[in-house]
Amino acid sequence: MPRPGFVLEVDRSTPSILFWRGENFSLEKLPAGRSRVIYPPEPLEALSDIDGAIRNALLNPIDQDPLATQMFPGMKLTIAFDDVSLPLPKMRRPDVRQRVIEAVLDTAAQAGVDDVHIIAALGLHRRMHEYEMRHALGDRVYDAFHGRGMLYQHDAEDHDNLSVIGTTDHGEVLEINKRAADSDLVVYVNINSVAMDGGWKSITTGLASYRCLSFHHNPETLENTKSLMGHRHQSALHTSVWRLGQVLKDHGPKIFQIETTLNTDMFPSPFEFINKREWEWTAKDRATFLGTTKSLNRTPIKLARKIFHGIEGPHQMTSVQAGETEAVHKITLEHVHRQQLMEVQGQTDILTLGIPFVSPYNPDGVMNPVLVMCMGLGYLFNMYRNKPLVREGGVVIMTHPCYRDFNPVHHPSYIDFFEQVLSDTTNPAEMSRKWEKQYAEDEWYRHLYRTGNAYHGVHPFYAWYWGAHGLKHAGKVIIVGGDPPTVRRLGFTPASTMDDAFEIASDVVGRSPTITHLHVPALLIADVQ
Amino acid sequence: MSRLVFSRKPARFALARVAGAIMPGAGASVGPLAIESDELLPLPTPDWVRLRPRLAGICGSDLALIDGTASAYFDPLVSYPFTPGHEVVADVLNADGSAGRRVALVPVLSCITRGIDPLCTACAAGQINLCERVAFGHLQPGLQSGFCSDTGGGWSHEMIAHPSQLVDLPADLSDEAAVLIEPTACAAHAAARYTGDETVILGAGTLGLLTLAAITARNGNRRGPIVVTARYAEQKRLAKELGADVVCTSDELPRWVRSSTKSLMIGDQLTCGARHVIDCVGSTESMKQALQVVAPGGEVQLVGMPSNVSLELTSLWHREVAIRGCYAYSHADFHTAIDIIRHHDLARLLSATYALSDYTDAIAHAASAGRRGAVKIAFDMRGN
């Protein structure tokens, strides 16, 4: 029986706590008597018969007829699926997407459906490499569909293949992939790693145009998204997305939503110590930690990156549900909460976060400085419900080398964003006003997004906006161990050690602040009371 | 009374080359530059005058000479021994040895200074910088005062000049401002080719900053951004102050130019680029970068003195790019320079002055000016 999440009050006997530092780790001693560590709930048991559960979901959907009865010869069927921005790290084969899509294709084949297109719902993410598509979908699906042009990646800039479905009462235009819009049925295959995913967000972002995305991926909306992972009414982003979902429901194609949830068993041997609570480390865990960190200290960064991105997580499916989007998503969230939700009493003065080597926007790539900000203030800061873990005006301390390093293939506009935009302003609203249009209309970025493996030109803005609420909420952000000029370019304060960071933070939160460490990597939603 | 003298001493020249390679400016202490007593130079013709330098700047071309990196091209254009110093503000000495008018020196030794009659075509057209008789006439070879054994140079307490080389200074212009007139005239000459289109200035040393100042002081027709590369913080600050739209490092430059000119890329080569690239560095690296960021049909203007460089010129051929030299100035540019200096209050670019006796320190400072947050270093002879 997995144990629920746990809040450890740090005392003198508490061992040093594990922090991620990009492609390495450190152990940090937190002050006794005023620090606490939030350990996430342990991984739930996986479904014992995953393929059986998938078949059952297709046969017994929620608020819809069984998938097989919705299919007929001559119909236009589109299967859309989440890209490899999740889960992290990538899951061991067979990937959940492969299992679900194979089941959907079997159903379609039995119904005599032969006009089937499979579309990666990228939104403005980079196009996946072939090996990533094969990993997500399996060789059988890839080989059968890709060569015939029936498996491809959504292009938010292909205006000939986008279609306007309608407009919300707030003036938001829903413009999505034309093939999906013209289909008799769209089956969406989702992996719900975190609570903000899924539901109407799947199609209204994954298959949307830049124009459509810009209605909610903007500083104003994201600053007013007071709880990205929590209640929908606290999220301006989700409120907008749900309005677009209503337009989709009323005027768009029929949607059959399949959502899956995973447990948080993320790291295999020899990295199991990452998932453990430090005082439960065995002698073997300590030896592995020491060996790992010492080796990584001597390993060239590119090789270290390769090692980490090569990790395949053992995470397994804990639920699968299909049918009407909102009804499905409600149950999905219950499963996400079953795994990730835990109660935490009160806010803290300082929130500490170990930033890992990967975020949703650099699978198999470099965790560049902009993504460090996004991961810290956009994702980890937002892992709460009700109110943030850190009080308004408090301090966020992150640990990461924050090297000035970018993957030019994946993140070309990020480099310019770092050099041009961040040297001008770190204010989301100001950069949106002054710079976003130029990046959105840049032919070179457009070309690289459409034909290469580059994120869309505006994606670094979105990554920055993702942290807009955290940026506004925190009184100061400190990065421990980061390259000082790079950290300063982000608008943050560099510190060489955690003690230095606490000293610097004292200007904002005084000499005896309360400290909370969110023990990453495992995912959790802190239900802050 | 003393002067600095640069002699033809091959062994010391070689030593300076080695020392300069190890530490820029180190050629001053081991090379053929030495301090000597002033000696009275004969006047070539009666109309020549004697000058008592007040301030004399240290230029990049001086540093190249001292560190032994100047091109062999100059050998026949220089006569040894000579006193360096061509950025000069000086007093004209009266017959009784008292100080008269205060002037800036136009150092180019053209036909008229050399007593050549008739003037060459270029000099007749006022383009003294393009003089076709630069090593002839009644003077020893020397493309400018400060490189000619007959005229002396500004790094001294006395030199001689032809009246045509003198520009009277307004009373309200300080010596510190006036010593910048000569390099600013170079910049004004370079800036005359500015078209208003997107322009890149490579380097934010004295020449780069002055070229930027010359462009922004006089051109209201800016249609494209002016992008300046700068290595050091103080250079970046000054470039911004002087009106650059973008100041970046040379590593960042291609990306800035690409985005500001809406260019695509083929390999490392921009498909568009800046119409006008002004190279104020003159190294292989800067010229390579100039060719990388210049637009097809555009122009690379060499303002910084290049020496031996190695370049891949296929893109120049393919994109019909022009490389154009930019040497010195006309008399008119000196008057323009005074306006530019006033407009931007450029006296602040004179970072430090030294006595002639401290010449090794002065040259070391000038050779590492950017790193030390300085721009222009000069000798100050006013104390003696």
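Residues numbered from 1 in each chain as written. Chains lettered and ligands numbered in written order. Predicted model: local features only at pLDDT ≥ 70, side-chain atom pairs only at ≥ 80, totals over all residues.

### Looking at the overall build of chain B
Basically, it comes down to this: Elements are defined by DSSP. Helices are runs of H or I of four residues or more, strands are runs of E of two residues or more, and each kind is numbered from the N terminus. Radius of gyration here is computed from C-alpha atoms only, and the compact-globule reference equals 2.2 Å multiplied by the residue count raised to the power 0.38. Labels follow a simple rule on C-beta atoms placed from the backbone: if 20 or more others lie within 10 Å of a residue's own, it is buried; if 12 or fewer, it is exposed; otherwise it is partly exposed. For every residue pair, C-beta atoms are placed from the backbone, and the pair is scored as a contact if these atoms sit within 7 Å.
What chain B contains, in helices and strands, is 13 helices and 17 strands. Its C-alpha atoms give chain B a radius of gyration of 20 Å, near enough to 21 Å, the size a compact globule of 384 residues would have. Expressed as lengths along the three principal axes of its C-alpha atoms, the size of chain B is roughly 65 × 40 × 40 Å. Here chain B, with 384 residues, has 51% of them falling under the buried criterion. Summarising the internal contacts of chain B: among those between residues at least 6 apart in sequence, 69% fall at separations of at least 24.

### Let's talk about the packing of helix α7 (residues 206-218) of chain B against helix α12 (residues 331-344) of chain B
When two helices pack together, you describe them by how their axes are tilted relative to each other and by the distance separating the axes. All names here are of chain B. Note the following rule: Where helices are involved, their axes are fitted lines through C-alpha atoms of the stretch in contact, as for all axes, and angles between N-to-C directions lie from 0 to 180°. Angles below 35 degrees are treated as roughly parallel, those above 145 as roughly antiparallel, those between 65 and 115 as roughly perpendicular, and all remaining angles as oblique. Just so you know the grouping, Ala, Val, Leu, Ile, Met, Phe, Trp, Tyr, Cys and Pro go in nonpolar, Asp, Glu, Lys and Arg go in charged, and all remaining residues, Gly too, go in polar.
Viewed as axis vectors pointing N to C, α7 and α12 meet at an angle of 85 degrees, and their least axial separation amounts to 9 Å. Comparing the axis directions of α7 and α12 gives the class roughly perpendicular. Only D339, I340, H343 and H344 of α12 make contact with α7, whose side of the interface consists of A213, A214 and A217. The residue inventory of the contact of α7 with α12, partitioned by class, reads four nonpolar, two polar and one charged.

### So, the interface of chain A and chain B
Contacts between the two partners involve eight residues from chain A, matched on the other side by 10 residues from chain B. Those elements giving two or more residues to the side of chain A that touches chain B turn out to be α13 (412-421) and α15 (443-451) of chain A. The element that contributes the greatest number of residues to the side of chain A that touches chain B is α13(A), accounting for four residues. Here the residues of the side of chain A that touches chain B are counted per class, giving two nonpolar, two polar and four charged.

### Thoughts on the sheet that holds strand β10 (residues 246-248) of chain B
All names here are of chain B. The condition that has to hold: Criterion used throughout: strands pair if DSSP finds at least two bridges between them.
With respect to topology, six strands assemble into an open sheet ordered β10-β9-β8-β13-β14-β15, the strand pairing being parallel. The open sheet has two edge strands with one neighbour each: β10 and β15 (322-325). Geometrically, the sheet is characterised by an average inter-axis angle of 20 degrees between neighbouring strands, direction not taken into account. Here strand β13 (residues 274-279) pairs with strand β14 (residues 294-302) via five bridges, running parallel. Within the sheet, the bridge partner assigned to I278 lies in β14 and is Q301.

### Points about the sheet that holds strand β7 (residues 151-153) of chain A
Residue and element names in this part refer to chain A. What the six strands build is an open sheet, ordered β7-β6-β5-β10-β11-β12; its pairing is mixed. Looking at the sheet topology across the chains shown, the edges are occupied by β7 and β12 (317-323). If you compare each strand with its neighbour and ignore which way they point, the axes differ by 20 degrees on average. Pairing geometry for strand β10 (residues 185-192) and strand β11 (residues 254-262), over eight bridges, is parallel. Looking at β11, one finds that N192 is bridged to T261.

### What to know about the pairing of strand β17 (residues 476-480) of chain A
Residues and elements named next belong to chain A. The test is simple: Think of it like this: strands point away, you trace from the first strand over the helix to the second, and a clockwise trace means the crossover is right-handed.
Of all five residues making up β17, four are buried, and the element is well covered by its neighbours. Two strands pair when backbone bridges link them, and strand β16 (residues 390-399) and β17 are joined in this way by five bridges, in the parallel orientation. Bridge pairing in β17 links I397 to I478. With three bridges connecting them, β17 and strand β18 (residues 493-495) associate as parallel partners. Each residue of the ladder has a partner; that of I478, found in β18, is T493. The parallel pair β17 and β18 is bridged by helix α18 (residues 484-489), and the resulting crossover is right-handed.

### Description of the nonpolar core
Operational definition: The term nonpolar core refers to a set of buried Ala, Val, Leu, Ile, Met, Phe, Trp, Tyr and Cys residues connected through C-beta atoms within 7 Å. Boundaries between domains were set according to an automatic or database domain assignment.
Counting residues in each nonpolar core, the largest one holds 164 residues, and the members touching the most others are A:I79, A:A80, A:I101, A:V104, A:C374, A:V396 and A:I478. Counting residues per element, this core draws most heavily on helix α12 (residues 369-380) of chain A, at nine residues. Summarising the domain contributions, this core has at least three residues from each of domain 1 (6-39 + 269-309 + 345-528) and domain 2 (50-262) of chain A. By size, the runner-up hydrophobic cluster in this structure holds 119 residues, among which are B:A177, B:C186, B:A188 and B:V228.

### Observations concerning the domain arrangement of chain A
All names here are of chain A. Entries for chain A in the domain assignment read domain 1 (6-39 + 269-309 + 345-528) and domain 2 (50-262). Measuring from the centre of the C-alpha atoms in domain 1 to the corresponding centre in domain 2 gives 29 Å. Taken together, the contacts link 31 residues of domain 1 with 30 residues of domain 2. Looking at the side of domain 1 that touches domain 2, the elements with two or more residues in it are β15 (384-385), α14 (428-440), α15, α16 (459-466) and α17 (468-473).

### Some thoughts on unusual backbone geometry
In the segment running from A:R93 into A:P94, the intervening peptide bond is cis, with an omega of -5 degrees. Mapped onto the elements, A:P94 comes out in the loop between β5 (76-82) and α2 (96-110). A cis amide bond links B:Y80 to the next residue, B:P81, at an omega of -15 degrees. Within the secondary structure, B:P81 sits in the loop between α3 (60-66) and β4 (87-93). One non-glycine residue, A:C402, lies in positive phi territory at about 45 degrees. Phi angles above zero are rare outside glycine, and B:D345 is one such case at about 50 degrees. With respect to the secondary-structure elements, B:D345 resides in the loop between α12 and β16 (350-354).

### What about the domain arrangement of chain B?
All names here are of chain B. Domain assignment breaks chain B into domain 1 (2-182 + 330-380) and domain 2 (194-325). Centre-to-centre, using C-alpha coordinates, domain 1 lies 28 Å away from domain 2. Across the boundary between the two partners, domain 1 contributes 18 residues, which contact 16 residues of domain 2. With four residues, the single largest contributor to the side of domain 1 that touches domain 2 is α12. Classifying every residue of the side of domain 1 that touches domain 2 gives seven nonpolar, eight polar and three charged.

### Remarks on α15(A)
Let me state the cut-off plainly: Arc definition: directions from the helix axis to the C-beta atoms.
Burial in α15(A) covers these residues: A:W444, A:Y445, A:L448 and A:Y449. The arc enclosing the buried residues of α15(A), seen along the axis, measures out at 130 degrees, which places them on a common side. In α15(A), the exposed residues that point more than 90 degrees away from the buried face are A:E443 and A:T451. Check the buried side of α15(A) and you find it contacts α13 and α14 of chain A together with α9 (253-260) and β11 (265-266) of chain B.

### Description of the confidence of the model for chain B
Formally: A residue's pLDDT is the confidence the predictor assigns to it, expressed on a 0 to 100 scale.
When pLDDT is averaged across chain B, the result is 94; 99% of the residues are at 70 or more. Scoring of the predicted complex yields 0.86 for pTM and 0.76 for ipTM.

### Regarding the environment of A:E102
All names here are of chain A. Within the fold, E102 resides in helix α2. A count of 17 C-beta atoms within 10 Å places E102 in the partly exposed class. Excluding its chain neighbours within four sequence positions, the residues that come into contact with E102 are G138 and V141.

### Quick word on the packing of α2(A) against helix α3 (residues 130-145) of chain A
All names here are of chain A. Running from N to C, α2 and α3 point in directions that differ by 40 degrees, and their axes come no closer than 7 Å. Residue-level contacts link R97, Q98, I101, E102 and L105 of α2 to A136, L137, G138 and V141 of α3. Across the contact of α2 with α3, the residue classes tally to five nonpolar, two polar and two charged.

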